[in-house]
Amino acid sequence: MFTRFSLLTRQQRAWVALYSLSAGCANRAEILEQNEVTEADLAEFIDSWLRLRSRTAMRSY
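Sequence order as written defines residue numbering, which begins from 1 separately in each chain. For a predicted model such as this one, the threshold for reporting local features is a pLDDT of at least 70, and the threshold for listing and counting side-chain atom pairs is 80 or more; totals across whole chains, interfaces and linings nevertheless cover every residue. To obtain the side-chain values, all non-hydrogen atoms of the structure were used and water was disregarded.

Novice: Which parts of the structure should I look at to understand the confidence of the model for the chain?
Specialist: Low-pLDDT stretches of the model should not have their predicted coordinates read in fine detail. The pLDDT value expresses, per residue, how confident the predictor is, ranging between 0 and 100. Residue-level pLDDT values for the chain average 88, and 80% of them are 70 or greater. Model confidence for the chain, summarised as mean pLDDT per element, is weakest for helix α3 (residues 39-59) at 89 and strongest for helix α1 (residues 10-22) at 97. Helix and strand assignments come from DSSP, with helices taken as H or I runs of at least 4 residues and strands as E runs of at least 2, each series counted from the N terminus.

Here is the structure:
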């Protein structure tokens, strides 16, 4: 069975969840479930997500 996130890697799904959380989406458990990631996944990929955000922010200057 394919899910809507089956084509994304676990890292990419964690990044999507982190973006959702940073945007102020309220229900953390729901975001994790929707993106098929865990708290451990977020912890593993937060550094790479922060670097990605930093690069994106620097391009806008």
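Now that the structure is up, let's keep going.
Novice: When you look at the nonpolar core in this model, what are you seeing that I'm missing?
Specialist: Generally speaking, a soluble globular protein has its nonpolar side chains buried in company with each other. Definition of nonpolar core: a set of buried residues of the types Ala, Val, Leu, Ile, Met, Phe, Trp, Tyr and Cys, connected through side-chain atoms within 4.5 Å. Relative accessibility thresholds used throughout: buried, under 20% of the residue-type maximum; exposed, over 50%; partly exposed, between the two (1.4 Å probe, protein chains only). Within the largest apolar cluster, 10 residues are counted, these being Ala 14, Trp 15, Ala 17, Leu 18, Ile 31, Leu 32, Val 37, Leu 42, Phe 45 and Trp 49. For this core, the secondary-structure elements that each account for two or more residues are α1, α2 (28-35) and α3. Broken down by element, the residue count for this core peaks at four residues, all from α1. Here Trp 15 is in contact with Phe 45, Ser 48, Trp 49 and Leu 52, once residues within four sequence places are set aside. Between two residues, a contact is recorded if the distance between any of their heavy atoms is within 4.5 Å.

Novice: Sorry, what's going on with the packing of α1 against α2 here?
Specialist: For any two helices packed against each other, the geometry is given by the interaxial angle and the distance between the axes. As a packed pair, α1 and α2 sit with axes 9 Å apart at the nearest point and diverge in direction by 155°. With respect to α2, the axis of α1 lies roughly antiparallel. α1 and α2 meet at a crossing whose hand is right-handed. Residues Arg 13, Val 16, Ala 17, Ser 20 and Leu 21 of α1 form the contact with α2, whose own contacting residues are Arg 28, Ile 31 and Asn 35. Here the term charged refers only to Asp, Glu, Lys and Arg, the term nonpolar to Ala, Val, Leu, Ile, Met, Phe, Trp, Tyr, Cys and Pro, and the term polar to all other amino acids, Gly among them. Across the contact of α1 with α2, the residue classes tally to four nonpolar, two polar and two charged. The axes used here are C-alpha line fits, helices contributing only the stretch in contact, and every angle between their N-to-C directions lies in the interval 0 to 180 degrees. In this scheme, roughly parallel covers angles under 35 degrees and roughly antiparallel covers those over 145, while 65 to 115 is roughly perpendicular and the rest are oblique. With the far helix as reference, a near helix turned anticlockwise by less than a right angle produces a left-handed crossing, and one turned clockwise produces a right-handed crossing.

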